[in-house]
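Residue-level structure breakdown
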Amino acid sequence: MKKVQLFSDGSSLGNPGPGGYGGILRYKTTEKRYSGGEDNTTNNRMELKGVIEGLKLLKEPCSVEVISDSSYVINAINRWLANWIKKDFKKVQNVDLWKEYLQVSQPHKVHGKWIKGHVGHKENEICDMMAKDEALKIKKRGKR
């Protein structure tokens, strides 16, 4: 299996409000950047959507290290998800996205790594900027 790094961040201007995500997929020295957003969303949804959209870009099963400043996403991937599945997602928020995550992550071996945000981590700062830019684009469209 190829070893891939997936850096991701999400942003929401208001909670809920216009939001965006940004990500970087890295395999050896090759990188692919991606971003997107939604109109009425939350920060946690965008954090998770960034991971989902990155996994969708992979063309074969990979060993994926998800690197994010979202303790919600990283803890869910590494610790909580198995129990949520056993309990049929009772009392879990964003069930639609977690089910989508399970579908797109299925062929891969995924592990999360939490990093502190906004402390100069190069890839995290780039993802944060992409996420905020997407959220701002959506906010501006709504004001027309």
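Above this note sits the structure.
Residues numbered from 1 in each chain as written. Predicted model: local features only at pLDDT ≥ 70, side-chain atom pairs only at ≥ 80, totals over all residues. Heavy atoms only, no water.

1. Some details on the side chain of Glu-134
The following threshold applies: A run of H or I in DSSP becomes a helix once it reaches four residues, and a run of E becomes a strand once it reaches two; helices and strands are each numbered from the N terminus. We call two residues in contact whenever any of their non-hydrogen atoms come within 4.5 Å of each other.
Residue position: Glu-134 is located in helix H4 (residues 122-142). Not counting residues within four places of it along the chain, the set of residues in contact with Glu-134 comprises Gly-19, Gly-20, Tyr-21, Ser-35, Gly-36 and Gly-37.

2. Thoughts on helix H1 (residues 43-56)
Rule in force here: Given the number of residues in a helix, its expected span is that number minus one, multiplied by 1.5 Å. Exposure is judged per residue with a 1.4 Å probe applied to protein chains only, and the accessible area is read against the type maximum: over 50% gives exposed, under 20% gives buried, and values in between give partly exposed.
Compared with an ideal rise of 1.5 Å per residue, which puts 14 residues at 20 Å, H1 spans 20 Å between its outermost C-alpha atoms and is within 8% of the ideal. Here H1 has its buried residues at Arg-45, Met-46, Glu-47, Leu-48, Lys-49, Gly-50, Val-51, Ile-52, Glu-53, Gly-54 and Leu-55.

3. So, the sheet that holds strand S4 (residues 62-68)
Going by this rule: Two strands are said to pair when DSSP picks up at least two bridges between them. For helices, the axis comes from a line fit to the C-alpha atoms of the stretch in contact; other axes are also lines fit to C-alpha atoms, and the angle between any two N-to-C directions lies between 0 and 180 degrees.
As summarised here, the arrangement of the five strands in space is S3-S2-S1-S4-S5, forming an open sheet in which the pairing is mixed. Edge positions in the open sheet fall to strand S3 (30-41) and strand S5 (109-114), since each of these has one partner strand only. Adjacent strand axes in the sheet meet at a mean angle of 20°, parallel and antiparallel pairs treated alike. Lying over the sheet, H1 contacts strand S1 (2-12), strand S2 (17-27), S3, S4 and S5, oriented at roughly 150° with respect to S1.

4. Describing helix H2 (residues 71-86)
The line we're drawing: Bending is quantified residue by residue as the angle between axes fitted to the seven-residue window ending at that residue and the seven-residue window starting at it.
With 16 residues, H2 extends 21 Å between its outermost C-alpha atoms, agreeing within 8% with the 22 Å of an ideal straight helix rising 1.5 Å per residue. When the local axis directions of H2 are compared, the greatest deviation, roughly 70°, occurs at Trp-80. Considered for burial, the residues of H2 that qualify are Tyr-72, Val-73, Ile-74, Asn-75, Ala-76, Ile-77, Leu-81 and Trp-84. In this fold, the buried residues of H2 make contact with H1, S4, helix H3 (95-105) and S5. Looking one or two places after H2, you find Asp-88, whose phi comes out positive at around 55°.

All quantities given are derived from atomic positions and should not be read as evidence of function.
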